[in-house]
Amino acid sequence: MPHIEQLSAHVADLIAAGEVVERPASVVKELCENAVDAGAGTVTVEIQNGGMTLIRVTDDGCGIAPEEAPTAFLRHATSKIKNEYDLEAIGTLGFRGEALAAIAAVSRLELLTRRAQDKLGTSLTLEGGVVLGQEEAGCPLGTTLLVRDLFYNTPARLKFMKKDAAEAAACLAVVQRQALARPEISFKFIKDGKQELLTPGDGQLRSALYAVLGRELALGFAPVSGSGEDVKVTGFVSLPTCCRGTRGYQFFFVNGRWVKSAALTAALEQAYANQKMVGKFPGCVLHLELKLNGVDVNVHPTKQEVKFGQERAVFSAVYYAVLSALGADKSRPAVVVGQAAKPIIEGKQTSLPLHDFTAPRTAPVPTAPPSRREEVKPAVQPVSAPAKPGVELPVPVEEARPAAPVRPAAPAPIPAAASVRQEEAPKQAPAPAPSPPSPALVEEEKQETPWRIAGELFHTYIIVEQGDKALLIDKHAAHERMNFDKMRAQDYLPMSQTLLTPVVFTPAPEEAAVLLEHGEELDRLGFDISDFGGGSLAVRSVPDYVSLGDVEATLTEIAGKLAITGSTGYQERRDDILHTMACKAAIKGGWKSGPQELERVAKAVMAGEVKYCPHGRPVAIELTQKQLEKQFKRS
Ligand code: ADP
Ligand code: MG
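In this numbering scheme, every chain counts its residues from 1 along its sequence in written order. Chain labels run from A onward and ligand labels from 1 onward, assigned in the order the entries are written. Confidence filtering applies because this is a predicted model: local features only for residues at pLDDT of at least 70, side-chain atom pairs given and counted only at 80 or more, and all residues used for totals across whole chains, interfaces and linings. Note that water and hydrogens are dropped before the side-chain values are worked out from all heavy atoms of the structure.

1. A few points about the nonpolar core
Selection rule: Definition of nonpolar core: a set of buried residues of the types Ala, Val, Leu, Ile, Met, Phe, Trp, Tyr and Cys, connected through side-chain atoms within 4.5 Å. For the exposure calls, accessible area comes from a 1.4 Å probe over protein chains only, and a residue counts as buried if that area is under 20% of its type's maximum, exposed if over 50%, partly exposed in between. An automatic or database domain assignment supplies the residue ranges for each domain.
Grouped together as the largest cluster of nonpolar side chains are 64 residues, with contacts concentrated most on Val21, Val28, Val43, Val45 and Phe73. Counting residues domain by domain, this core receives three or more from each of domain 1 (9–198) and domain 2 (220–327). Counting 36 residues, the second-largest nonpolar core is a separate cluster that includes Val231, Cys284, Val295 and Val306.

Written out as structure tokens, the structure reads:
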């Protein structure tokens, strides 16, 4: 065995640096955090060659006293905490006093800084953590850190760097997160001389969201505001139709700090259960405000993971805030006429992961063609003149006022206990506390503009005219949602009807096996299935939603789903089965429906009870009179 010796301070520093400084993006993160902690109003981040040759971060914050500048580069030197008690309530992004020391240890570094009370600032040069010199310097208020030749003295680390483009993308992602964390600070990101991001710093999260995601994407987000026990939740979440193939657009912030948290992701995604398409993920920018001692940020060297004191309370606060945001959203996708605008639901950008954004994302320029959100008008609109003089638009009295009191457009009434997936569920069901609809909203609903069914297209789409807009309702999707909600409201216990003669059918062997295996579960849903021998099954009763002719098709589809989801949570399996039943029981697109049937569906949609089919597809889209007039060059 070789002798045991204590490492030299230099080697120890390099090892410690490795924990904090993994790649250029880690440097950008630490320097941005320092700028934020210094109270900056504007922060400019500049990189060259993916940050490998140069990273410059300039702020207009408080600056550093000349005599303290060298101290800032010592390990465990910080101005942010003083003793162990301060660790319990950390209000700054930094507190470990390690970043500057770590960055200096693996680069050539220059600091330029001046405080308001100093006439002259100071400039400090370091190489590999060693101070080369310090002198007075005339410089603007604030601090600039210039980091060159990162990892020049740790070739092992250098080898692990990705292509410049990838490192640059990671740096941009860091600045984007900071910008979303602090809308009151204007962030600028310049890559190889080209500006890639500029946020206005006007204090509005929406402005920051626009600048970071681009206008088109940002339009697919709805505002969130809610609170739970000692937690406040604000921000934006994707509309169910604007969910995407990755989780790359989920941003969570706790007291202004970007964090990764499985619990927060689960709370967000469960609020979309039965509203979004399978395999799609909602995006979000959610800010959580908690008491400083309600969250421990000292559990990870780069402070990305946090521990909540009351995880269950935080979970429910997020879940219900998102749920009520989705319920409050009144917008409908607009029909896109001509080629002016791309539908944002499946827009080209939708599948790009965040780091693929290379186009400049500067503040929004309102020159793009109007899209979705702008077309959406409040429900109360002056009823414009009938489309053509002479053609009266009769408004049936009954329809002028919705017969039933309008339910607030909340998502499916989900029993609290049922709404949470079993694996991650807090043991006790969170108390439902969605915020009540705002007075303005209630007002809107009361004065709903009268509407009428103007016809049906392709035996599939109901045309509804209301004020100066027309709606196309997908009758199958809407009816499917109505059925699904009804089934869930009945707490999964649809009426079961006994068949006069059992339906006997022969599914594929593995389908038969899976149906018999889940026999008990299916029985609770109203299916009485037994082995008929010879590979056949006998069905003696079915839920009343399933018509005789659909029994075999429904069960085969359920078998297919169970084969895939058999091992998932009970809740998801049930929802899956209900989706199938709701779909099979719904009126079909392409088939003829009676006027009462169409009216029932239209009523539910117009009352706002039904917005997305259980797979997250919209049930109605909107076309305005203005859009048509534009197309016909009438205006
Ligand atoms: P920490 O941020 O954990 O305190 P750092 O090593 O990042 O540790 O920074 C050390 C100290 O240097 C900070 O506590 C702060 O006082 C000072 N400092 C660093 N960056 C700046 C800046 N941009 N403006 C003003 N002071 C700064
Ligand atoms: Mg710091």
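2. Section: a nonpolar patch on the surface
We count it as follows: Patch rule: a residue counts if its relative accessible area is over 30% and it has no salt bridge; like charges are joined within 9 Å, and nonpolar side chains (Val, Leu, Ile, Met, Phe, Trp, Tyr) within 5 Å. Here the Shrake-Rupley method, with its probe set to 1.4 Å, supplies the accessible areas, and only the displayed protein chains count as covering residues. By salt bridge we mean one thing: a side-chain nitrogen of Lys or Arg within 4 Å of a carboxyl oxygen of Asp or Glu. Counting from the N terminus, the helices are DSSP H or I runs at least four residues long and the strands are E runs at least two residues long.
Among the surface-exposed residues, Leu7, Val11 and Ile15 lie close enough to one another that they form a single nonpolar patch of about 270 Å² accessible area. Within the secondary structure, valine 11 is located in helix 1 (residues 9–20).

3. Remarks on the packing of aromatic side chains
What counts here: We call Phe, Tyr and Trp rings a pair once their centres come within 6.5 Å, taking the six-membered ring for Trp, and we label the pair stacked below 30 degrees between planes, edge-to-face above 60, and tilted otherwise. Geometrically, a charge over a ring is one whose NZ (Lys) or CZ (Arg) sits within 6 Å of the ring centre while staying within 35 degrees of the ring normal.
Throughout the structure, instances matching the rule amount to three aromatic pairs. Taking 6.5 Å as the distance between ring centres and 15° as the angle between the ring planes, the aromatic pair formed by phenylalanine 315 and tyrosine 319 counts as stacked. Here phenylalanine 315 and its partner tyrosine 319 are both found in helix 9 (residues 311–328), four residues apart, which amounts to about one turn of the helix. The exposure class of tyrosine 319 is buried, given its relative accessible area of 0%. One aromatic cluster is present, formed by Phe315, Tyr319 and Tyr320 through successive ring pairs. Over the face of the ring belonging to tryptophan 258 we find arginine 177, whose NZ or CZ atom lies 3.9 Å from the ring centre. Positioned above the aromatic ring of tyrosine 249 is the side chain of arginine 244, whose terminal nitrogen or guanidinium carbon lies 4.5 Å from the ring centre.

4. Topic: helix 17 (residues 570–585)
Each α-helix turn comprises 3.6 residues. Residues three or four places apart therefore point the same way. This is how it is decided: By this rule the span expected of a helix is its residue count minus one, scaled by 1.5 Å.
Along its 16 residues, helix 17 runs 22 Å from first to last C-alpha, staying within 8% of the 22 Å computed at 1.5 Å per residue. Among the 16 residues in helix 17, twelve count as buried, and that is most of the element. Every buried residue of helix 17 is accounted for by Gln571, Arg573, Arg574, Asp575, Asp576, Ile577, Leu578, His579, Thr580, Met581, Ala582 and Lys584.

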